[in-house]
Amino acid sequence: MGFLGLSNILGFDNYFGKNEFNDNSLYDGFWGIWDEPFLQYVNNTTSKLKEPFFSTFFSLSSHEPFYVPEKYEGVFPMGDVQMHQVIGYSDNALRKFFESAKKEPWFENTIFIITADHTNQIHYKEQYLNTINRYAVPILIYSPNEEYIGVNEELAQQIDIYPTILDMIGYNKPFRSWGRSLVDPTNSTTPFALNYNGSQYQFQMDNYICIFDGEKATGFYNISDKGLEHNLISNRNAEMSKIEDICKAYIKDYYDRIIDKKLSL
């Protein structure tokens, strides 16, 4: 997955993976170490860090081929699709992690973010077969001593996590981000979501979804048309053109900053 190289590029002080864990008896045979033992390793390793710190963990047991450790066969509900059992295992691994972490001195002063990179190919609801909803993942933010409680149902994306966390810790200095705080009631930035499906960009804002091929818009769809069934481009209006321009601006700014090494400036 290239995590070691990426962590070096991003400036992480340490990387801990399968080799550092150093116990292949707990290797799942496909992706890496099972979630339960590795999350305990995450807790133990994190507890050795000097505060304040940032750490991140990439889970893998909920991924296909949807196996669980032998000792857990038949323990969790099988449900009606193949991944139900492994979701039970992954949930339990996360529960055990929090049980261990809450005993640590850093727990009460920590913000936890749980999210995903995409939905799964085993769909619970018909809506996740839709093109846009392949990226409809939750962003859950938890802190034991936090004033923010509730649900934000506006369009949001992972780049919103950064400004949200800065708000939560009371950071009031300038910073650079494409995202918007999800906990600031005075935020006037229009909610949007931008992703790339391997061939085209998908930009959602206000009333429309804009499909952009890197040069021009190839489609506009009603914001509720997640299956991209009714292309409205032949009836282009001023709002569509504005959304296309905003989409282009974000993409151009991103690539300019990548090329000029100015992502944080």
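Right, let's walk through the structure included here. Quantities reported herein were computed from a predicted structural model and do not represent experimental measurements.

Basis of the calculations
- Residues numbered from 1 in each chain as written.
- Predicted model: local features only at pLDDT ≥ 70, side-chain atom pairs only at ≥ 80, totals over all residues.
- Heavy atoms only, no water.
- Helix = DSSP H or I, 4+ residues; strand = E, 2+ residues; numbered from the N terminus.
- Contact = heavy atoms within 4.5 Å.
- Phe/Tyr/Trp six-rings, centres within 6.5 Å; stacked < 30°, edge-to-face > 60°.
- Buried < 20%, exposed > 50% of the residue type's maximum accessible area, 1.4 Å probe, protein only.
- Lys NZ or Arg CZ within 6 Å of the ring centre and 35° of its normal.
- Pairing = 2+ DSSP bridges.
- Axes fitted to C-alpha atoms, helices over the stretch in contact; angles between N-to-C directions.

Considerations on the environment of Phe57
In step 1: Structurally, Phe57 is set in the loop between helix H3 (35-46) and helix H4 (84-101).
In step 2: Spatially, the C-alpha atoms of Phe57 and Lys71 are 24 Å apart, while their sequence positions differ by 14 residues.
In step 3: The contact partners of Phe57, leaving out residues within four places of it in the chain, are Asp35, Phe38, Leu39 and Val42.

Concerning the packing of aromatic side chains
In step 1: Under the definition given, this model contains 29 aromatic pairs.
In step 2: Judged by centre distance (5.6 Å) and plane angle (35°), the rings of Phe21 and Phe38 are tilted. Taken together, the residues span a long stretch of sequence, with Phe21 in helix H2 (residues 18-21) and Phe38 in helix H3 at a distance of 17 residues.
In step 3: Since its relative accessible area comes to 15%, Phe21 is described here as buried.
In step 4: Ring pairing ties together the aromatic residues Phe53, Phe97, Phe98, Trp106, Phe107, Phe112 and Tyr142, which thus form one cluster.
In step 5: Above the plane of the ring of Tyr27 lies Lys18, whose end atom (NZ or CZ) is 4.7 Å from the centre.
In step 6: Directly above the ring of Trp178 sits Arg176, whose terminal nitrogen or CZ lies 4.3 Å from the centroid.

Some details on the sheet that holds strand S4 (residues 201-205)
Hydrogen bonds between backbone groups are what pair the strands of a sheet, and the pairing can be parallel or antiparallel.
In step 1: One open sheet holds the four strands; their spatial order is S3-S4-S5-S6, and the pairing between them is antiparallel. The open sheet terminates on both sides in strands that have one partner only, identified here as strand S3 (192-196) and strand S6 (217-222). Averaged over all neighbouring strand pairs, the angle between strand axes comes to 15°, with direction disregarded.
In step 2: Direction of pairing for strand S5 (residues 208-212) relative to S6: antiparallel, over a ladder of five bridges. Note that in S6 the partner of Phe212 across the bridge is Ala217.
In step 3: Helix-sheet contacts for helix H6 (residues 238-259) involve S3, S4, S5 and S6, and the interaxial angle to S5 is about 50°.

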